[in-house]
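Breakdown of the fold
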Amino acid sequence: MSGLMFRVGNGYDVHQIAEGLPMWLCGVEVPSDRGFVAHSDGDVAIHALCDALLGAAAKGDIGLHFPDSDDRFKGIDSKKLLAEVVRLLEQDGWQVGNADITIALQAPKLRPHIDLMRQTLADVIGTDVSCVSVKATTTEHLGFVGRGEGCQVWASVTIFKKA
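Heads up: these notes are all about the structure in this document. (Residues numbered from 1 in each chain as written. Predicted model: local features only at pLDDT ≥ 70, side-chain atom pairs only at ≥ 80, totals over all residues. Heavy atoms only, no water.)

A closer look at the environment of Ala104
Note that Ala104 resides in strand β5 (residues 95-104). On the basis of relative accessibility, which here comes to 1%, the residue Ala104 falls in the buried class. Those residues in contact with Ala104 that sit more than four places away from it in its chain are Thr137, Thr139, Val145, Cys151, Gln152 and Trp154. (Helix = DSSP H or I, 4+ residues; strand = E, 2+ residues; numbered from the N terminus. Buried < 20%, exposed > 50% of the residue type's maximum accessible area, 1.4 Å probe, protein only. Contact = heavy atoms within 4.5 Å.)

This is the structure we're talking about:
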């Protein structure tokens, strides 16, 4: 068989929000007096993206590769984790086709930051910004997201390699 082999991956992550922590999303620090509780920098969007990429390549999940029980990853910049995931995929011949991320967060508003988020992710995964989508929504004050207690992120990706 010749041509290209494609795979699709999905990722999901959630983080609690607390006062006095930085809010990192898609590799960008979003101005806020509240941020994400996590072992790393808490970039819930990059964590979901890592899971989507690892899942597409059948390489487990982010916890397998970067466990929160390992002090090497305490406070780590999640862009470094994403770069390592991309490197793992490239070792097996995979390339990222596209990434689509949906962030559910009641506040702050993310629209002013989305273009930089897209470019930051594109730079890390080594693709054109036109292949990276970042969308933001609220939950209309419903559930833990609507109450401002946390953030949910879904990520979908395609990866490909020559067959």
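A word on the pairing of strand β1 (residues 4-19)
By the bridge criterion, 13 bridges tie β1 to strand β7 (residues 150-162) in an arrangement that is antiparallel. The partner of Val14 across the bridge, within β7, is Gln152. With three bridges joining them, β1 and strand β4 (residues 34-36) adopt antiparallel strand pairing. Within β4, the position partnered with Ala18 by the bridge is Gly35. (Pairing = 2+ DSSP bridges.)

Here we look at helix α4 (residues 114-125)
The end-to-end C-alpha separation of α4 is 16 Å, in line with the 16 Å expected for 12 residues at 1.5 Å each. Buried within α4 we find Ile114, Met117, Thr120, Leu121, Ala122 and Ile125. Looking at the residues trailing α4, positive phi occurs at Gly126, about 75°. (Expected span 1.5 Å × (residues − 1).)

Re the nonpolar core
Core analysis: the largest hydrophobic core is formed by 46 residues, its most contacted members being Leu25, Leu53 and Ile103. Here this core takes 10 residues from helix α1 (residues 44-56), the largest share from any one element. Excluding residues that lie within four positions of it along the chain, Ile103 makes contacts with Leu25, Cys26, Ala45, Leu110, Val134, Lys135, Ala136, Thr137, Cys151, Gln152 and Val153. (Core = buried A, V, L, I, M, F, W, Y, C linked by side-chain atoms within 4.5 Å.)

Nothing here speaks to function; it is geometry throughout.
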